[in-house]
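Residue-level listing of the chains:
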Amino acid sequence: QSVLTQPPSASGTPGQRVTISCSGSSSNIGSYTVSWYQQAPGTAPKVLIYTNNQRPSGVPDRFSGSKSGTSASLAISGLQSEDEADYYCAVWDNSLNDVVFGGGTKLTVL
Amino acid sequence: QLQLQESGPGLVKPSETLSLTCTVSGGSFISNNYCWGWIRQSPGKGLEWVGTICYRGDTYYNPSLKSRLTMSVDTSKNQFSLKLSSVTAADTAIYYCTRVNIVVVPSSNFDYWGQGTLVAVSS
């Protein structure tokens, strides 16, 4: 059971906008910056968002991140079939002295 | 382009020590902006941070693994390593080596990943 709560699944049709939430607490999201990762089947995770809302070079601007209080969100606009993957949020937790990951959200493109 | 490659045994017996090495190529190993880390993923499960080591040797470990974990770095070979002792079946996982971007600390920004190596703990 992760200290970061993500919905286990999400879905959308091509072109739609979907949002994945990540709920935490004052010891993690409320105090530190959040990262988001995409993991396609059989591959290593890839960073999509760091420092709450920054995109590494090469990540399309269809992906955006935000944080408010003790929750964070990843939004994907203009959904494409290749976006079908697992998505994880991550952040430092000062009560656990640990980098914690959310349980992951499986995104299905219908 | 920075590349990370894990190496080590794919099968370890229960109670023995799991040892993995990550070789970094195509970029700077010594930097005040980056450290090096391990993350694991049990089959069909989520991601778990194992630990982080910086080039000077300072280490940060997952508290749940700290008593069994040792990480080291060899700057002459651009390598860092992990040793996890007294393993059980619960340590069976894909182990990924990563670069940790520490421009903002504490960091959860693992910006480069190896392809991962599956380590099974079984007799």
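Below, the structure is looked at part by part. Quick caveat, the model's predicted, so the values are computed rather than measured. (Residues numbered from 1 in each chain as written. Chains lettered and ligands numbered in written order. Predicted model: local features only at pLDDT ≥ 70, side-chain atom pairs only at ≥ 80, totals over all residues. Heavy atoms only, no water.)

Considerations on the sheet that holds strand β1 (residues 3–7) of chain B
All names here are of chain B. Stated precisely, the cut-off is as follows: A pair of strands is considered paired only if DSSP assigns at least 2 bridges between the two. Each helix is a run of DSSP H or I of at least 4 residues and each strand a run of E of at least 2, with the numbering of both proceeding from the N terminus. A fitted line through C-alpha atoms serves as each axis, taken over the contacting stretch for helices, and the angle formed by two N-to-C directions is quoted from 0 to 180°.
Pairing within the open sheet is antiparallel, and its four strands lie in the order β1-β3-β8-β7. Bordering the open sheet on either side are β1 and β7 (69–74), each of which pairs with just one other strand. Geometrically, the sheet is characterised by an average inter-axis angle of 15° between neighbouring strands, direction not taken into account. Two elements, β1 and strand β3 (residues 18–25), share five bridges in a ladder whose sense is antiparallel. Within β3, the position partnered with S7 by the bridge is T21.

Details of the state of the cysteines
We count it as follows: Throughout, a disulfide means two cysteine sulfur atoms within 2.5 Å of one another. When a residue's accessible area, from a 1.4 Å probe over protein chains only, is under 20% of the maximum for its type it is buried; when over 50% it is exposed; and in between it is partly exposed.
Inspection of every chain in the model, using the stated rule, returns three disulfides over all chains. One disulfide in the model links C22 of chain A with C89 of chain A; its S-S distance is 2.0 Å. Here the disulfide of C22 of chain A and C89 of chain A is right-handed, its torsion about the S-S bond being about 75°. Taken together, the residues C22 of chain A in strand β2 (residues 18–23) and C89 of chain A in strand β7 (residues 85–93) connect sequence positions 67 residues apart. The two residues C22 of chain A and C89 of chain A agree in class, both being buried. The disulfide partner of C22 of chain B is C97 of chain B, and the S-S distance across this bridge is 2.1 Å. Given an S-S torsion of about 60°, the disulfide between C22 of chain B and C97 of chain B has right-handed geometry. Remark: C97 of chain B occurs in strand β9 (residues 93–101) and C22 of chain B occurs in strand β3; sequence separation between them is 75 residues.

Looking at the sheet that holds β2 of chain A
Residue and element names in this part refer to chain A. Taking strand neighbours across the sheet as the criterion, the three strands line up as β2-β6-β5 in an open arrangement whose pairing is antiparallel. If you trace the sheet from one side to the other, it starts and ends with β2 and β5 (63–68), each paired once. Sheet twist, expressed as the average angle between the axes of neighbouring strands with direction ignored, equals 20°. Pairing between β2 and strand β6 (residues 71–76): six bridges, direction antiparallel. Note that in β6 the partner of V18 across the bridge is I76.

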